[in-house]
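Summary of structural features
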Amino acid sequence: MSEVRVRIAPSPSGNLHVGTARTALFNYLFAKKNNGKFILRIEDTDAERTSQAYIDNIFDSLKALGLNWDEGPDVGGDYGPYTQSERFDIYPKYAQILLEKGFAYECFCTPEELEAEKELATKNKQAYVYSKKCENLTEEEKEKLRKEGRKPALRFNIAKAQKAFHENSILKFDDLVKGELHMDTDLLGDFVIMKSNGTPTYNFAVVIDDMLMKISHVIRGEDHISNTFKQILIFEALGAEVPRFGHLGMILAPDRSKLSKRHGATAVSEFVEKGYLTDALINFVALLGWSPSDGQEIKTVDEIAQDFRIGEISSSNSIFEYDKLNWMNSHYIKMLPIEELKEKLKPYLTQYDLSELTDAQYTRMVEVTREPLTLLSDITDAVPYFFGEGVEIEPEVQSDVLDTETSQEVLKEFVAQAKDWEFDEENLHEKLEVFRGKFKEKGIKPKVTMWAIRAAVTGRTRGADMTAILAILGKDKVIARVNSAIK
Ligand code: GLU
């Protein structure tokens, strides 16, 4: 296989998980690095768990992360269709080949019979493998079972395939990430490749698709390692070239358990809704198993692609540190060009009437409030005082700041003076300095003077730069708010 062709093959039984996003990213990087193709395949053989909303979510999330595919359900390609449910007529043909070659056999066992086998194994404290009861049924026996109305499933004959291509029951392969892996295939059990309803199982469909789509490298989570052994045997039984496999360690929560909802967001779209930037998220996700050669962790996907070597991916599990992601996100928010940031913040400002601000005022508001943002959504609570006529005063601010005699004195003096000021930032800066100076002479700390004004105008004791706030609000609103804070 000369051309590098890799794929991400999500099952649409949920929104795109960050773990799948990482697998997609590593495949994408590997393709970029090797001038290969990155393919999207939708594995929707399990009709009951599939939904169009999840398929849309997978598309949108991968696109939002910048992981654009060269071939896939929407863009097409030479090896389509790229949605498994549209390929159902392809699989039986290959199942038939395996049947004819003796690498598969019909199994008429009912779910109840199989359940009984499993129970017996559990009782005997043995790992369950299928008994191969149906391996050697005669034509007459099969005919009889068919007449009973039983529909056969097809099972893969592991021992036959293993004997045909290997010396003993040990199957080995050289994993791109983990090095040599091996397994005793006697432990796998003859697994079903076609269900009795005529649909393929995951392990079968995936091999047929990877074979027909000429996939050269399969990079996926290590939870698929036991599947890989099964899949290698199917490739061999079909006389197909076996792709190279690479298995990534799992992503664990900070408490080392499986990453799940109770730890926080897990789907890419959830992170986006919470106010994470996709550039930050993808940069963070890349570091789950990969480390930059220059130690510089903040990198774009293109920069990562240049530095990416599959053999250097860590084979161990990675911890999903939400704190680190938060740090990265705040960094990306700080670095984002202002016009982009203004747009990206808008979904989190819908409760305010943005038309109250001119574009210049909105720009300035974003400039002076972006610094402490960890999430884009933090903007919602950071800016209420830029909108509306009056302002909501926090109770402690009322009692601890505005109700003091000093504050009242400051506010009265402020109104008296500020009515004659120009409300541009430069001028306000100078005026406030003189204003503070006067109160300092009377023994009132500049900080205390400013607190009083801030409290009256914003209802808070902390927030963005004061001169910027005053300039954005303008003289009328500021004086009205200060007046209403005066008793
Ligand atoms: N549909 C499988 C999954 O979502 C894909 C596994 C594979 O990459 O083969 O886990």
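Placed above this text is the structure.
Now for a description of the structure that goes with this document. (Residues numbered from 1 in each chain as written. Predicted model: local features only at pLDDT ≥ 70, side-chain atom pairs only at ≥ 80, totals over all residues. Heavy atoms only, no water.)

**Regarding the sheet that holds strand β4 (residues 153-156)**
In spatial order, the strands read β3-β4-β7; together these three strands make up an open sheet with antiparallel pairing. Looking at which strands have only one partner, the edges of the open sheet turn out to be β3 (104-107) and β7 (192-194). Pairwise comparison of adjacent strand axes, ignoring direction, gives a mean angle of 45° for this sheet. Strand direction decides the pairing type here: β4 and β7, joined by two bridges, are antiparallel. Pairing of Arg155 across the sheet is with Val192, part of β7. (Pairing = 2+ DSSP bridges. Helix = DSSP H or I, 4+ residues; strand = E, 2+ residues; numbered from the N terminus. Axes fitted to C-alpha atoms, helices over the stretch in contact; angles between N-to-C directions.)

**What to know about a negative patch on the surface**
A surface patch of negative charge is lined by Glu422, Asp424, Glu426, Glu430 and Glu433. Checked against the element boundaries, Glu422 lands in the loop between α17 (405-418) and α18 (425-441). (Patch = residues over 30% accessible without salt bridge, like charges linked within 9 Å, V, L, I, M, F, W, Y side chains within 5 Å. Areas by Shrake-Rupley, 256 points an atom, 1.4 Å probe, with all protein chains shown as cover. Salt bridge = Lys/Arg side-chain N within 4 Å of Asp/Glu carboxyl O. Lys, Arg positive; Asp, Glu negative; His and termini not counted. Charge placed at Lys NZ, Arg CZ, Asp CG, Glu CD.)

**Description of the site of the ligand**
The immediate surroundings of the ligand are formed by Arg7, Ala9, Pro10, Ser11, Glu43, Tyr202, Val206, Arg220 and His224. In the model, a nitrogen atom of the ligand is placed 2.8 Å from a nitrogen or oxygen of the Ser11 side chain. At a separation of 3.0 Å, an oxygen atom of the ligand approaches a polar side-chain atom of His224. Judged by its atoms lying within 2 Å of the grid points, the ligand is housed in the largest pocket. (Near = heavy atom within 4 Å. Polar contact = N/O pair within 3.5 Å; in protein donor to acceptor, adjacent residues only side chain to side chain. 1 Å grid on protein atoms, 1.4 Å probe; cavity = no way out; pocket = protein on both sides within 12 Å on 5 of 7 lines; lining within 4 Å. Sits in = over half its atoms within 2 Å of the grid points.)

**As for the side chain of Glu106**
With respect to the element layout, Glu106 can be found in strand β3. A polar atom in the side chain of Glu106 sits 2.7 Å from the side chain of Arg146. In this structure Glu106 touches Leu99, Cys134, Lys142, Arg146, Pro152, Ala153 and Leu154, once residues within four positions along its chain are discounted. (Contact = heavy atoms within 4.5 Å.)

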